[in-house]
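Secondary and tertiary structure notes
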Amino acid sequence: MNNSPIKISLIALFSVGALLSAQDAYAMHISEGILPLNWAALWFALAIPFVAYGLYSLNRRSRNDLSFKPLAGLMAAVVFIISCMPIPIPFAGTCSHPCGTGISGILVGPAISVVIAAVALLIQAIFLAHGGLSTLGADIVSMGVMGSFAGYFTFRILLSLRMGIAVSGFMAGLFADWATYLMTSVELASGIKGGAAFLPLFYKILIAFIPTQLPLGILEGAITAGMVMLLYKKRPDILVKMHVIKPGDVAMGKQGMTALIVAFFIFGGALSAAIPAEAAKWTGVDEAVIEKVAKEHGREAKAPLIDKEQGDLLLFLFLAAGAIGGFAAGYYWRALVAEKRTRVDDKKEAMMEDK
Amino acid sequence: MIFSKYIHNEEHWLSRLDARVKLVVTLAILVMVLSYKGSAFHLFVTALCLFQCWRMKIPWRVFLLRFSEPVFIVLVILLLKIFFSGGESIFSTEIMGIQITAYREGLAEGLSIASRIIAAISIMAVMVFSTPFTELLAALSWLRVPQGFIEILMYAYRYIFVLIEDAGVIYDAQKNRLGYATLNRRFSSIGILVGSLILKAFEHSQNISVAMVQRGYDGQIPLLKQKPFRLAEVVISFLFVTMMGFLWQI
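The residue numbering used here restarts from 1 in each chain and proceeds along that chain's sequence as written. For naming, the first written chain is A and the first written ligand is 1, with later ones following in the order written. With pLDDT at 70 or above as the cut-off, local features in this predicted model cover only qualifying residues; side-chain atom pairs require 80 or more to be listed or tallied, and sums for whole chains, interfaces and linings still use all residues. Side-chain measures here rest on the full set of heavy atoms in the structure, leaving out hydrogens and waters.

Counting from the N terminus, the helices are the DSSP runs of H or I reaching at least four residues and the strands are the DSSP runs of E reaching at least two. Of the regular secondary structure elements, chain A holds 14 helices and two strands. Contacts in chain A between residues far apart in sequence, at least 24 positions, make up 75% of those at least 6 positions apart. Total accessible area on chain A is roughly 18000 Å²; 69% of this is exposed by carbon and sulfur atoms. Throughout, a contact is declared for two residues whenever any of their heavy atoms are within 4.5 Å. For accessible areas, the Shrake-Rupley method is used with a probe of radius 1.4 Å. Any residue's cover is judged against the shown protein chains and nothing else.

By a frequent convention, interface size equals the accessible area lost on bringing the separate parts together. Taken together, the contacts link 76 residues of chain A with 79 residues of chain B. In total, chain A and chain B occlude about 6900 Å² of area from one another, counting both sides; carbon and sulfur atoms represent 81% of this. We define a salt bridge as a contact between a side-chain nitrogen of Lys or Arg and a carboxyl oxygen of Asp or Glu at a distance within 4 Å. Between chain A and chain B we count one salt bridge in total. Between B:Glu151 and A:Lys69 there is a salt bridge, with its nearest N and O atoms 3.3 Å apart. N or O atoms within 3.5 Å of each other form a polar contact, as long as, within protein, one can give a hydrogen and the other can take it, and as long as residues adjacent in sequence are counted only when both atoms are side-chain atoms. Applying the counting rule to chain A against chain B returns five residue pairs in polar contact (both at pLDDT 80 or more). Looking at the side of chain A that touches chain B, the element that brings in the most residues is helix H3 (residues 68–82) of chain A, giving 12 residues. Each residue gets one label: Ala, Val, Leu, Ile, Met, Phe, Trp, Tyr, Cys and Pro are nonpolar, Asp, Glu, Lys and Arg are charged, and the others, such as Gly, are polar. Looking at the side of chain A that touches chain B, its residues break down into 53 nonpolar, 15 polar and eight charged. Buried area: the accessible surface (1.4 Å probe) lost by two parts on joining, summed over both.

Residue and element names in this part refer to chain B. The pairing criterion for strands is at least two bridges between them, as found by DSSP. Note: strand E1 (residues 89–95) against strand E2 (residues 98–103), six bridges, orientation antiparallel. Within E2, the residue paired with Phe91 across the bridge is Ala102. Between E1 and the antiparallel strand that follows it, E2, lie two residues; Met96 among them carries a positive phi value of about 50°.

Generally speaking, a soluble globular protein has its nonpolar side chains buried in company with each other. The set of buried Ala, Val, Leu, Ile, Met, Phe, Trp, Tyr and Cys residues whose side-chain atoms join them within 4.5 Å is what this entry labels a nonpolar core. When accessible area is computed with a 1.4 Å probe and restricted to protein chains, residues below 20% of their type maximum are described as buried, those above 50% as exposed, and intermediate ones as partly exposed. Core analysis: the largest hydrophobic core is formed by 146 residues, its most contacted members being A:Ile34, B:Val45, B:Val194 and B:Ile198. Apart from the residues within four sequence positions on either side, A:Ile34 is in contact with A:Thr135, A:Leu188, A:Gly191, A:Ile192, B:Ile73, B:Ile77, B:Ile113, B:Arg116 and B:Ile117.

With that settled, consider the confidence of the model for chain A. Residue and element names in this part refer to chain A. Averaged over all residues, the pLDDT of chain A is 76; the fraction at 70 or higher stands at 66%. Every residue gets a pLDDT, meaning the predictor's confidence in that residue, from 0 to 100. When pLDDT is averaged over each helix and strand of chain A, the minimum, 46, is found for helix H1 (residues 5–22) and the maximum, 93, for helix H6 (residues 136–160). Residue range residues 8–26 is modelled with pLDDT below 50. Its contacts to residues more than four positions away, or to other chains, number 44 contacts. In this model residues 274–281 is a low-confidence stretch, pLDDT under 50, and it forms zero contacts with partners more than four residues away in sequence or in other chains.

Averaged over all residues, the pLDDT of chain B equals 85, while 96% of them reach at least 70. Ranking the elements of chain B by mean pLDDT puts helix H4 (residues 60–84) of chain B last with 81 and helix H2 (residues 19–35) of chain B first with 92.

Below, the discussion takes up the side chain of B:Thr26. Relative to the elements of secondary structure, B:Thr26 occurs in helix H2. At 2.6 Å, the side chain of B:Thr26 forms a polar contact with the backbone oxygen of B:Lys22.

Here is the structure:
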């Protein structure tokens, strides 16, 4: 065992990557028989309280609404279909599947979403050998518990920060996927480590998952955001009924848009700060050839009209931006301050008028 | 979809066996397989189950599709164990300046895990290929799996096919409108497809609940009534599990 950890990780990455590209990757589900009895039992013991609480919540909600159990069954069917859907991963040259539990977590809450995931996983294990009966507990913990709770809490927290539905949906899908894959790595490493140490194997499995799961998480975020936005546009009443949004919530919150713009500028600033440092080593064709030849022929370059070396350009830009921003804010102050009407409000008003 | 290729051979004797007995025997052997250290018992169980699958005349394509994913995982685990676990080297080579060494202990552990996976998959294959889903649900209910869970399982199983059909219609419509022509459009189309499926799920759930309430639905679906056990089946199954337990101890 003389190899450095980086080399070992590289070999793990490429060997597993080569296998992944040979076939569609079903990385989220732990296959039948992988976990020894003690670990399989432990994950079952961890999963059972969550499933039991989910069933309790489901029964409580279905007492008030008789359509809720059929809805949960249909959501399980949707999660089943989503987690069988092959999504292309261009970076890894393979296909993988999203979890779908982030979506169900957002719509019906994390507790009932665990039951929905358990049902979808059991059907997959029975009919497709996708997962297994002995590993059902571990799969419920990773996909059901971690996926649903990570998706739900990310969505709720971001929505309470008024980040907007689209941004919250995107981040919920992203974290639900990554949390699932993190937990799957823990379960796999603990199950197959044998006499070896846990952490090195955990890191190897984590690294081996990166080529597919890292981009897939971003794609699942995009799909979740797309799904939430479609529901918001077509049937906002469903989102209100399921307590996903309140009537006043908007698709892209001001803070969400601001955060995106700030992130864009920070990223751009960091990039532009990095580029000059590197570019300073290489003079451009203007300076190296044209200016040199012109100078040789007695036509020296004049000083620029706006000389970046003189005065405080940054201060000028800030002042200009402040002036433009102030003008825009003053001109559109009604749009910024007045309460925004949503489709839900319009629908409610129309219903009241009908009555 | 592999679902439609799911075969339930009624002529085979295992298909006529009570689903509850089959479920208990399957779980008992699964526990033995998972707790066994070594490969001999796993190989015996695999051979026995594959023989039964062959006797049930399961088409090769269905069989290979079912085993393809576990076999792929077996390969990944074998590689991880052989090259990253153990101390005694079997062989060592250098590729592009990276020293690659295979270890004896890793190979032994990898083979043990691989045989365990294949044996567990084989047991489940025999169970699934010989039991209709409704009987399996009744057996789960007899095993005291909560009724709420069974009901959700029933709804999900019933509506998977309906939603797959809906998804197919939406997918064809998107494809005909070049919805999958570029990568960006592909992701956007998948998002719309998933959203539309959820809308369909809401519509279907409303329609079913209205239809069921009109037929006296009060929040619980009655499940299949259990037939009494056949003594011969129970005794033979008990003897079989005892024999397997004896082999497991060896």
